[in-house]
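Chains, contacts and geometry: an overview
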Amino acid sequence: MAATAILLLLFAAAAPRLSGATEYTVGDSDGWTIGPSYLAWSQKYNFTAGDTLVFNYVPRQHDVREVTQDAYRTCEPAANQTVRAWASGRDLVDLAAPGDYYFVCNVTGHCLGGMKFSVAVAAPSPPPPPPPRAFPTPAPPPPSSSSAGAWPDVGGVSGLAIGMWIASLLSS
């Protein structure tokens, strides 16, 4: 029984990440570099809270900055306009919450040359309804005169459930 409880907790902890979060490689196979249209790239997708952006680039030739909307517009992020910064060459950026995110390359001239994009991140969809029960409960049989005063029928689904419960107790 304890092992079952631990497994259920592990599945519950993993559920938010497994429930549709997607990893997007910025620029697809081109990566984060001069040339691709990142505006066109970002408009191909619908981003949702929990998704991840992957920036692939040559370190020291490019970098990644999440900036304010003003810094995005001017391509001149001041220190107080940089929200987060990366420079590893393979950066994973979590889009943790709904809202607008703005990204630029801060190497001189790169942002003005097109290395910038913004994404609107939506709230995740509600989870789907639970699947139907594996063993639907059959309609009760009509009462008969011969069953008056007899014990209730414990066969069928209720008997199966009781049997499974007893088996789980015995295997503990």
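For the structure itself, consult the block above.
Residues numbered from 1 in each chain as written. Predicted model: local features only at pLDDT ≥ 70, side-chain atom pairs only at ≥ 80, totals over all residues. Heavy atoms only, no water.

Points about the state of the cysteines
- Under the counting rule described, the total for this entry stands at 1 disulfide.
- Counting only cysteine sulfurs, Cys111 is the nearest neighbor of Cys105, a cysteine outside any disulfide, at a range of 8.2 Å. (Disulfide = S-S within 2.5 Å.)

What to know about the environment of Asp63
- Along the chain, Asp63 falls in the loop between β3 (51–56) and β4 (64–67).
- Owing to a relative accessible area of 11%, Asp63 belongs among the buried residues under this scheme.
- Measuring from C-alpha to C-alpha, the distance between Asp63 and Arg90 comes to 9.8 Å, with 27 residues separating the pair along the chain.
- Those residues in contact with Asp63 that sit more than four places away from it in its chain are Trp32, Tyr57, Trp86, Ala87, Val104, Cys105, Asn106 and Val107.
- Side-chain polar atoms of Asp63 contact the backbone nitrogen of Asn106, separated by 2.7 Å. (Helix = DSSP H or I, 4+ residues; strand = E, 2+ residues; numbered from the N terminus. Buried < 20%, exposed > 50% of the residue type's maximum accessible area, 1.4 Å probe, protein only. Contact = heavy atoms within 4.5 Å. Polar contact = N/O pair within 3.5 Å; in protein donor to acceptor, adjacent residues only side chain to side chain.)

Focus on the sheet that holds strand β1 (residues 23–25)
- Pairing within the open sheet is mixed, and its 3 strands lie in the order β1-β3-β6. Each of the sheet's edge strands pairs with one partner strand only, and the pair in question is β1 and β6 (90–95). Taken over all neighbouring pairs, the strand axes of this sheet differ in orientation by 25° on average, direction set aside.
- Where β3 lies against β6, 6 bridges are found, and the strand directions are antiparallel. Bridge pairing in β6 links Val54 to Leu92. (Pairing = 2+ DSSP bridges. Axes fitted to C-alpha atoms, helices over the stretch in contact; angles between N-to-C directions.)

Examining the pattern of salt bridges
- The tally for this structure, following the rule as stated, stands at 4 salt bridges.
- Taking the shortest distance from any N to any O, the salt bridge between Asp28 and Lys44 comes out at 2.5 Å. Of this pair, Asp28 sits in the loop between β1 and α2 (38–43) while Lys44 sits in the loop between α2 and β2 (47–48), placing them 16 residues apart in sequence.
- Linking Arg65 and Asp63 is a salt bridge whose minimum nitrogen-to-oxygen distance equals 4.0 Å.
- Among the residues examined, Arg65 registers a relative accessible area of 22% and is labelled partly exposed. (Salt bridge = Lys/Arg side-chain N within 4 Å of Asp/Glu carboxyl O.)

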